[in-house]
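What follows is each chain in one-letter form.
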Amino acid sequence: MLVHVEAVGQVADGRATVRVRSEVGVAAAFWCGDPTGVGREHHVEWTVEEDVAWGGNTRPATSFSPGVDEEEGGRIVFRGRLGLTGDGGATLEGAGTHILFDLADPPPSAAVGGAWVEISVERNSVSLWPYLL
C-alpha cells in the first residue's frame, strides 16, 4: 500500500510515531523505517501484534470498501475482506494489500471467510515497515 508518512513524535521507548495517509484512510502507528524516510511516500507493510477475536475486536463491516481509520481511545480500525488460512491464521485484504493476523480461540466459523469485516486493534500494536517494489 502506498502511503504518505508524516512525523508525529516519539514514545518513551524511542520508537517514532507517524501518521500515514493513504487512499483508504488515515491512522497513526509506529514507524520501523529509517527516520529520514519520514515526510515522504512509501510502500509499506502493516504489522499488527493483536489476534483476530470474532465478536471481540472483529465484527461484520457496515461498509463494503477497504478502510483504515482511528477510533477514540487509541484504536485503529482496518476494514477489508477476511481470509482464513486454515493454519490458525487470517489475512485482511484491502486496497491491494494483505495484513496477516493470528486467530484467537475460539476461531471464527469458516463461513466468515471472504466476508467484509472491521478489525479494531490498539494503536500500540501496529507498526509500519517500508519496502521497495
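Keep in mind that what you see is a predicted model, and the values were worked out from it rather than measured. (Residues numbered from 1 in each chain as written. Predicted model: local features only at pLDDT ≥ 70, side-chain atom pairs only at ≥ 80, totals over all residues. Heavy atoms only, no water.)

Engineer: Please set out the packing of aromatic side chains residue by residue, giving values where relevant.
Structural biologist: One pass over the structure, following the stated rule, counts one aromatic pair. Consider the rings of tryptophan 46 and phenylalanine 78, whose centres lie 5.2 Å apart with planes at 80°: the pair is edge-to-face. Pair noted here: tryptophan 46 is in strand β4 (residues 41-48) and phenylalanine 78 is in strand β7 (residues 75-84), with a separation of 32 residues, a long-range link. Residue tryptophan 46 is classed as buried on the basis of its relative accessible area of 4%. Over the ring of phenylalanine 30 we find arginine 15, and its NZ or CZ is 3.6 Å from the ring centre. (Phe/Tyr/Trp six-rings, centres within 6.5 Å; stacked < 30°, edge-to-face > 60°. Helix = DSSP H or I, 4+ residues; strand = E, 2+ residues; numbered from the N terminus. Buried < 20%, exposed > 50% of the residue type's maximum accessible area, 1.4 Å probe, protein only. Lys NZ or Arg CZ within 6 Å of the ring centre and 35° of its normal.)

Engineer: Outline the pairing of strand β3 (residues 25-31), listing residues and values.
Structural biologist: Where burial is concerned, most of β3 is hidden: six out of the seven residues are buried. Of the strand pairs in this sheet, strand β2 (residues 16-22) and β3 are connected by seven bridges, and their pairing is antiparallel. When the bridges of β3 are listed, arginine 21 appears paired with valine 26. Counting the residues that bridge the hairpin from β2 to β3 gives two residues. Alignment of β3 against strand β11 (residues 126-131), held across two bridges, turns out to be parallel. Within β11, the position partnered with phenylalanine 30 by the bridge is serine 127. (Pairing = 2+ DSSP bridges.)

Engineer: Break down the nonpolar core for me, with residues and values.
Structural biologist: Grouped together as the largest cluster of nonpolar side chains are 28 residues, with contacts concentrated most on Trp46, Phe78, Phe101, Val121, Val126 and Leu128. Beyond its immediate chain neighbours, meaning those up to four positions away, valine 126 contacts Ala29, Phe30, Trp46, Thr47, Val48, Ile76, Phe78 and Val121. (Core = buried A, V, L, I, M, F, W, Y, C linked by side-chain atoms within 4.5 Å. Contact = heavy atoms within 4.5 Å.)

Engineer: Break down unusual backbone geometry for me, with residues and values.
Structural biologist: Cis geometry is adopted by the peptide bond preceding proline 106, which originates at aspartate 105 and carries an omega value of -5°. Mapping proline 106 onto the fold places it in the loop between β9 (97-102) and β10 (116-122). If you check the backbone angles, alanine 95 has positive phi at about 55° while not being a glycine. Its location among the elements puts alanine 95 in the loop between β8 (89-94) and β9. Residue classification places alanine 95 among the partly exposed residues on the basis of a relative accessible area of 27%.

Purely spatial values, then, with no claim about function.
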